[in-house]
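Chain residues, written in single-letter form:
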Amino acid sequence: MAKKFLSVLLMLILLIAVAGCEKDKETSGNADGSGDSKDKVTFTYFNAASPGKDGNTNETTIGKIFEDQTGVNFKTEYLVGDINTKIGTMIASGKYPDVLVPDIAIDKVLDAGAFIDLTELIEEHGPNIKKLYGPHWEQMKDKDGKINFLPFAAKQGFIKDPNITQGAFWIQRGILKEAGYPKIKTLDEYFALLEDYQKKHPEVNGASTIGFTALTYDWRFFALSNVPNHLAGYPNDGEVIVDMKTHKTDVYADNDITKRYLKELNELNSKGLFDKESFVANYDEYLAKLASGRVLGFFDYGWQVNQALDNLKAAGNDDLRYMPLPITFDGQKDQYIDPPAFINNRGIGITVSAKDPVRIIKYFDNMVKEENQKLMFWGIKDETYSVDDKGRFFQTEEQYAKTSDEDFRDKSGLNTFEYYWPMGDMLYSDGNAWVPGKQPEVAQVAYTDGDKAILEAYGVKVFSDLFADPDDRPWYPTWSAVVEQGSDAQIFGQRKTDLTKVYFPKLVLAKPGDFDKVWDEYIKEFNTLDVKALEDLMDKVVEDRIKAAAKK
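So, how was this worked out
- Residues numbered from 1 in each chain as written.
- Predicted model: local features only at pLDDT ≥ 70, side-chain atom pairs only at ≥ 80, totals over all residues.
- Heavy atoms only, no water.
- Helix = DSSP H or I, 4+ residues; strand = E, 2+ residues; numbered from the N terminus.
- Rg over C-alpha atoms; globule rule 2.2 N^0.38 Å.
- Buried < 20%, exposed > 50% of the residue type's maximum accessible area, 1.4 Å probe, protein only.
- Contact = heavy atoms within 4.5 Å.
- Areas by Shrake-Rupley, 256 points an atom, 1.4 Å probe, with all protein chains shown as cover.
- Lys, Arg positive; Asp, Glu negative; His and termini not counted.
- Charge placed at Lys NZ, Arg CZ, Asp CG, Glu CD.
- Pairing = 2+ DSSP bridges.
- Axes fitted to C-alpha atoms, helices over the stretch in contact; angles between N-to-C directions.
- Phe/Tyr/Trp six-rings, centres within 6.5 Å; stacked < 30°, edge-to-face > 60°.
- Patch = residues over 30% accessible without salt bridge, like charges linked within 9 Å, V, L, I, M, F, W, Y side chains within 5 Å.
- Salt bridge = Lys/Arg side-chain N within 4 Å of Asp/Glu carboxyl O.
- Expected span 1.5 Å × (residues − 1).
- Polar contact = N/O pair within 3.5 Å; in protein donor to acceptor, adjacent residues only side chain to side chain.
- Core = buried A, V, L, I, M, F, W, Y, C linked by side-chain atoms within 4.5 Å.
- Parallel < 35°, antiparallel > 145°, perpendicular 65-115°, else oblique.
- Left-handed = near helix turned anticlockwise from the far one by under 90°.
- Nonpolar A, V, L, I, M, F, W, Y, C, P; charged D, E, K, R; others polar.

J.: Whenever I open this one, the overall build of the chain confuses me. Can you help?
T.: Helices and strands together make up the secondary structure of the chain, namely 22 helices and 18 strands. On C-alpha atoms alone, the chain measures out to a radius of gyration of 26 Å, which is about the 24 Å that the 2.2 N^0.38 rule sets for 552 residues. For the C-alpha atoms alone, the extent of the chain along its principal axes is close to 95 × 60 × 55 Å. Taking all 552 residues of the chain together, 52% fall into the buried category. Taking all contacts inside the chain whose residues are at least 6 apart in sequence as the whole, residues at least 24 apart take part in 74%. Element-wise, carbon and sulfur atoms account for 52% of the exposed surface of the chain, whose accessible area totals about 25400 Å². Each charge class in the chain can be summarised by its mean position, and for the 67 positive and 89 negative side chains these summaries are 2 Å apart.

Rendered as structure tokens:
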């Protein structure tokens, strides 16, 4: 009897095990890793870089097309709360989504060994990935030769963005209109306009007018700390300025240009023009303030404030919308527009928890085909864009309006796939812009009557015409350099950031008579840091990139 009972028990255990395997196969796809199956499968995707709506890619038009092509769906989840806490929890548990976009926490993810090496997967299953990323292949390798993630936006050629998605000083258009559309180039001219306008207009829609605000929240603090570099006529090379002749790097956080800018803000604060809440407001509060129409001016990168700019555009009051300006300290040549660059310290990776890496890399490979990249960014031909008899892509006003509608973008998948996946940038092989926003024909259609009026007032066709073309900088941007966790350079960078987050608010909000004393305290603390560790690293990065560029 006992023997018979044992046999039945073993049979039950076997049946349960088989059932479990079948269930795993149903949820994870081809668990043997061949990746050849077209059976439907759902993988998990976590994006720590950007807010978004959680969901399934196959619930969108484009995602459904990709599922029909590959059988693969992704359950997407976006960051809510603190990025370091979220990623830290993943690392502590050792449990990751199948695919991860860790953004600024990428070094921690790499240090934890959470990404698998993609090299062999791409060689065996990713011919289209190899083609798209080919020009940047060596830059994608880590020190040990592994390719741990796919960076975003593999550049193909160069096209100047008609609009400003990078850094600029922004000013309300109503200020420029009231002043007769003056051509202002210097910081003094810019602040004088703000001050004069605020005196005349102390309130906007019943609320007090804010002369100038700044974004300082969390990792976005660079929107304040980078500004002296731009004002001095340099592009966004992160912590350092690179000398165009010697190619030596210089950390500028303790330089005269930083002191000069902070002193300007201090004077602005003493006049009641600077927004004191700049140092306590979070990102959402900052965007809401910009969209309220109360802020006369600010510095930021266009990609960080698009949401607020779009809200103001939708509100329909052109006087409260913003105009980007290439302001420098003394009117010297600006370098706000990025030179061609490949950013290799952000990207998307397949984690050690992934159930079927082959299936995922094949999905990515299918995704980077040019026809599918056009689907991701342009949408569906004759529905969201059209093609003229010369092969040029364009949008009608109706198509532009449709692709600007957030509800349509959510349902179509244009929002889901607009970034943070394997992708190219700049120009397709047929000469069209990779993304509609960089196609001049689309920019012209997208402009409102207010846009056209202010562009005409300044004698330009697109906003970037006001900005200087970028100089050749083969090392650009140095901020994309891999800085090893725990290295002297990384420790310097962290301590320097911590120090500036303490002292920059003090410097801006100090009584004007105390500014030099606080600056001296800051420099005394700064001089205890190992600045040479970062400069030596960046010198080597610049040298290596110049040599690599010369070999092409």
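J.: So what exactly am I meant to see when it comes to the sheet that holds strand E10 (residues 210-213) here?
T.: Hydrogen bonds along the backbone pair up the strands of a sheet, which may run parallel or antiparallel. The mixed open sheet is built from four strands, whose spatial order is E10-E13-E7-E14. The open sheet has two edge strands, E10 and strand E14 (322-325), and neither has a second partner. Taken pair by pair, the neighbouring strands of this sheet meet at an average axis angle of 20°, ignoring direction. Sheet topology places strand E7 (residues 167-172) next to strand E13 (residues 295-301); five bridges connect them, and they run antiparallel. In the sheet register, Phe169 faces E13, and the bridge partner there is Phe299.

J.: Sorry if this is basic, but what is going on with the sheet that holds strand E3 (residues 72-78) here?
T.: Strand order in the open sheet made by the six strands is E2-E3-E1-E4-E15-E5, with mixed pairing throughout. Each end of this open sheet is capped by a strand with a single partner; those strands are strand E2 (55-56) and strand E5 (150-151). Both strand E4 (residues 99-101) and strand E15 (residues 347-350) contribute to a ladder of two bridges, which runs antiparallel. Considered in E15, the bridge of Leu100 is made with Gly349.

J.: Would you mind going over the packing of aromatic side chains with me for this structure?
T.: One pair of aromatic rings is described through two measures. These are the centre distance and the angle between the planes. Here the structure, examined in full by the defined rule, presents 40 aromatic pairs. Both rings, one in Phe417 and one in Trp421, keep their centres 5.3 Å apart while their planes meet at 40°; by these two values the pair is tilted. Note on accessibility: Phe417 and Trp421 belong to one class, buried. Of the aromatic side chains, those joined through ring pairs into one cluster are Phe169, Tyr190, Phe191, Phe212, Trp219, Phe222, Phe299, Tyr301, Trp303, Tyr336 and Phe467.

J.: Teacher, can you tell me more about a negative patch on the surface here?
T.: A surface patch of like charges, here negative, comprises Asp117, Glu120, Glu124 and Asp144. Tracing the chain through its elements places Glu120 in helix H5 (residues 119-125).

J.: Looking at this structure, I do not really get unusual backbone geometry. What am I missing?
T.: Both trends apply: most residues other than glycine have a negative phi, and most peptide bonds are in trans. For the peptide bond that leads from Tyr476 to Pro477, omega is -10°, which places it in the cis range. Looking at the element boundaries, Pro477 is found in the loop between helix H19 (449-457) and helix H20 (488-509). For His247, which is not glycine, the phi dihedral falls at a positive 65°.

J.: How do you make sense of helix H8 (residues 187-200) when you look at a structure like this?
T.: Turn by turn, an α-helix covers 3.6 residues, leaving residues three or four places apart pointing in a common direction. Its 14 residues give H8 an end-to-end C-alpha distance of 20 Å, which sits within 8% of 20 Å, the value for a rise of 1.5 Å per residue. Among all positions of H8, only Leu187, Tyr190, Phe191, Leu193, Leu194, Glu195, Tyr197 and Gln198 are buried.

J.: What is the right way to read the side chain of Thr500 from this model?
T.: As for its position among the elements, Thr500 is in helix H20. Only 2.9 Å separates the side chain of Thr500 from the backbone oxygen of Thr497, close enough to count as a polar contact. The residues touching Thr500, leaving out its near neighbours within four places in the chain, are Phe221, Pro505 and Tyr522.

J.: Can you help me understand helix H14 (residues 357-367) in this one?
T.: Extensive coverage of H14 is indicated by the burial of nine of its eleven residues. Turning to H14, its buried residues number three or more, namely Val358, Arg359, Ile360, Ile361, Tyr363, Phe364, Asp365, Asn366 and Met367.

J.: So what exactly am I meant to see when it comes to the nonpolar core here?
T.: Most often, soluble globular proteins keep nonpolar side chains buried together rather than apart. One finds Phe169, Tyr190, Phe212, Tyr261 and Tyr522 to be the most contacted residues of the largest nonpolar core, which totals 92 residues. Element by element, the count of residues in this core is highest for H20, at seven residues. Sequence-distant contacts of Tyr522, that is, excluding residues within four places in its chain, are made with Ala253, Asp254, Leu499, Thr500, Tyr503, Phe504 and Leu507.

J.: Explanation requested: the packing of helix H11 (residues 256-270) against helix H21 (residues 515-526) in the structure shown.
T.: Any two packed helices are characterised by the angle at which their axes cross and by the distance between the axes. Running from N to C, H11 and H21 point in directions that differ by 140°, and their axes come no closer than 11 Å. The angle between the axes of H11 and H21 places the two elements in the oblique class. Where H11 crosses over H21, the two elements pack in a sense that is right-handed. Only Phe515, Asp516 and Trp519 of H21 make contact with H11, whose side of the interface consists of Thr258, Lys259, Leu262, Lys263 and Asn266. The residue inventory of the contact of H11 with H21, partitioned by class, reads three nonpolar, two polar and three charged.

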